Amino acid sequence: MTSSNNYNDNTNTLYYDNVIIRKNNYCLAASKNSLAYVGKENCAKLSLRTFYPNSTLIRNPQVLVPYIQELKEYFAGTRKNFTLPIEINKVCSPFQQQVLEKVAQIPYGKTVSYGKITAAINNPGAIRAVAHAVALNPVLFFIPCHRVILNNGKVGKYRLGTKVKARLINLEKSYSHDNS
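Residues numbered from 1 in each chain as written. Predicted model: local features only at pLDDT ≥ 70, side-chain atom pairs only at ≥ 80, totals over all residues. Heavy atoms only, no water.

**Looking at the sheet that holds strand β1 (residues 13-21)**
- One open sheet accounts for four strands, arranged β3-β2-β1-β4; its pairing is mixed. Each having just a single partner strand, β3 (35-40) and β4 (56-59) make up the two edges of the open sheet. Across the sheet, the axes of successive neighbouring strands diverge by a mean angle of 30 degrees, strand direction being ignored.
- On the sheet, helix α2 (residues 61-76) packs against β1, β2 (24-30), β3 and β4 and is oriented at approximately 40 degrees with respect to β1. (Pairing = 2+ DSSP bridges. Helix = DSSP H or I, 4+ residues; strand = E, 2+ residues; numbered from the N terminus. Axes fitted to C-alpha atoms, helices over the stretch in contact; angles between N-to-C directions. Contact = heavy atoms within 4.5 Å.)

**As for the confidence of the model for the protein chain**
- Averaged over the protein chain, the pLDDT score is 89; the fraction of residues at 70 or greater is 89%.
- Per-element averaging of pLDDT across the protein chain places helix α1 (residues 47-51) at the bottom with 85 and strand β6 (residues 148-149) at the top with 98.
- Every residue in residues 1-10 is under pLDDT 50, and counting partners more than four places away or in other chains gives 27 contacts. (pLDDT = per-residue confidence, 0-100.)

**Observations regarding the packing of helix α3 (residues 94-104) against helix α5 (residues 127-135)**
- Taken N-terminus to C-terminus, the directions of α3 and α5 make an angle of 80 degrees; their axes are 9 Å apart at the nearest point. The angle between α3 and α5 falls in the class roughly perpendicular. Across the interface between the two elements, F95, Q96, V99, L100 and V103 from α3 touch A129, V130, A133 and V134 from α5.
- In terms of residue class, the contact of α3 with α5 is built from eight nonpolar, one polar and no charged. (Parallel < 35°, antiparallel > 145°, perpendicular 65-115°, else oblique. Nonpolar A, V, L, I, M, F, W, Y, C, P; charged D, E, K, R; others polar.)

**Notes on the UniProt feature "domain: Methylguanine DNA methyltransferase ribonuclease-like" (unreviewed entry) in the protein chain**
- Sequence positions flagged by UniProt for "domain: Methylguanine DNA methyltransferase ribonuclease-like" (unreviewed entry) are, in local numbering, residues 57-88.
- A helix fraction of 50% and a strand fraction of 9% characterise residues 57-88, whose end C-alpha atoms lie 17 Å from each other. (UniProt positions renumbered as here; feature names shortened; annotations may be inferred.)

**Structural notes on the environment of L100**
- Tracing the chain through its elements places L100 in helix α3.
- Here the alpha-carbon distance between L100 and I88, two residues 12 residues apart in the chain, equals 9.4 Å.

Structure (structure tokens):
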């Protein structure tokens, strides 16, 4: 995971835009230097405000062009890793950052259980806390929280819905087999 700790925009301004990929409308938001949010459409009124309630939101497609390009490449199966900087430190606790660092290390086309994440952070009793941290991932896809599944092998919940989570897992598996 690439992370930027240089969020120097003192006005708390985020630039956002929507993009339609595979008939789904996503919202992305970024500072001038790094990606801050990826979620569903209507972000200026809904989810984006949950993560950044005090930010000024300005629609500016130009700022989001490189992030949207990487996201389109991901859905096309030509991008396995995101390379652009992200910023989650303003909305994630240190524990959540630790969890999301581990989630970011899950290889493309693979899944890992919540239990394995708790073991990786040396906190085996924290399954609920880990699940909560994963659920609050502000940058869907860029930190692949859809790759975290239940200990029994079932897909489990996802901010965009369990059907979307299953489709993302299957999408990655289909592309990872094509390129093996």
